[in-house]
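Fold and geometry: a report
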Amino acid sequence: EDQVTQSPEALRLQEGESSSLNCSYTVSGLRGLFWYRQDPGKGPEFLFTLYSAGEEKEKERLKATLTKKESFLHITAPKPEDSATYLCAVMTNQFYFGTGTSLTVIP
Amino acid sequence: GAVVSQHPSRVICKSGTSVKIECRSLDFQATTMFWYRQFPKKSLMLMATSNEGSKATYEQGVEKDKFLINHASLTLSTLTVTSAHPEDSSFYICSARGRAGNSYEQYFGPGTRLTVT
């Protein structure tokens, strides 16, 4: 059965304290892995798409990496405005969302 | 990036009435649109997938007669919650996939908060 699991469920960081969020997947026929950011009461905002193991993408303080089993979203020197829920999703012939990691960055 | 809008952003209706939510792709043609429902502190639950000009495909457990979806054009899909009840109160989000950028990427609307009293 195709499955997407994110960990941790919640993460509290001090401002400037770098960390990583994990998205593990067991799917057959991966077409792409996507990272989104969602603020409370809003729709998910697209961040990255990764297609193959070894691929990396960066945007400001965020860097996403992909292996054959998981993806990491690295956050370098986070700021309070990075606080949000980060969702990953995988695309096979369907789109599967993980349950998200709620990130809080404390000033 | 591709922009998807939803209208209204919030709606309050009385039990038994119907509510229509619009989802528009503003700067690209959406060959496929998706409707999700999200409960507090939960991930998105796919309700249905619609392709322009054809009937929507509903996920298991989603009542197609209650959640009517129309994807009449490449830029507009609507979700009508018929005979709404308090348990239909939720955050409804649409997304669109189309010819802008990579065809697998989905771009999400800002969501619609439905409250049924």
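Higher on the page you've got the structure.
Reference entry: report on the structure contained in this document. (Residues numbered from 1 in each chain as written. Chains lettered and ligands numbered in written order. Predicted model: local features only at pLDDT ≥ 70, side-chain atom pairs only at ≥ 80, totals over all residues. Heavy atoms only, no water.)

Considerations on the state of the cysteines
Under the counting rule described, the total for this entry stands at 2 disulfides over all chains. The residue that forms a disulfide with C23 of chain A is C88 of chain A, at a sulfur-sulfur distance of 1.9 Å. Its torsion about the S-S bond being 65°, the disulfide of C23 of chain A and C88 of chain A is classed as right-handed. Of this pair, C23 of chain A sits in strand β3 (residues 19–26) while C88 of chain A is found in strand β9 (residues 84–91), placing the two residues 65 residues apart along the sequence. The residues C23 of chain A and C88 of chain A share a single accessibility class, namely buried. Across a sulfur-sulfur distance of 2.0 Å, C23 of chain B and C94 of chain B are joined as a disulfide pair. Residues C23 of chain B and C94 of chain B are joined through a disulfide that is right-handed, its torsion about the S-S bond being 80°. On the criterion of sequence distance, the pair formed by C23 of chain B in strand β3 (residues 19–25) and C94 of chain B in strand β9 (residues 90–98) is long-range, its members being 71 residues apart. (Disulfide = S-S within 2.5 Å. Helix = DSSP H or I, 4+ residues; strand = E, 2+ residues; numbered from the N terminus. Buried < 20%, exposed > 50% of the residue type's maximum accessible area, 1.4 Å probe, protein only.)

Examining the sheet that holds β3 of chain A
Residue and element names in this part refer to chain A. With antiparallel pairing, the 5 strands of this open sheet are ordered in space as β1-β3-β8-β7-β6. With one partner strand each, in any of the chains shown, β1 (3–7) and β6 (56–59) form the two edges of the open sheet. Along the sheet, successive strands turn relative to each other by an average axial angle of 15°, direction set aside. Taken together, the 5 bridges between strand β7 (residues 62–66) and strand β8 (residues 70–75) define a ladder with antiparallel strand orientation. (Pairing = 2+ DSSP bridges. Axes fitted to C-alpha atoms, helices over the stretch in contact; angles between N-to-C directions.)

Some points on the sheet that holds strand β1 (residues 4–7) of chain B
Residues and elements named next belong to chain B. Strand order in the open sheet formed by 4 strands is β1-β3-β8-β7, with antiparallel pairing between adjacent strands. Either end of the sheet is taken by a strand with one partner, and the two such strands are β1 and β7 (67–73). Strand-to-strand twist of the sheet, defined as the mean angle between neighbouring strand axes without regard to direction, takes the value 15°. Taken together, the 6 bridges between β3 and strand β8 (residues 76–81) define a ladder with antiparallel strand orientation. Residue pairing for β8: C23 is matched across the bridge by S77.

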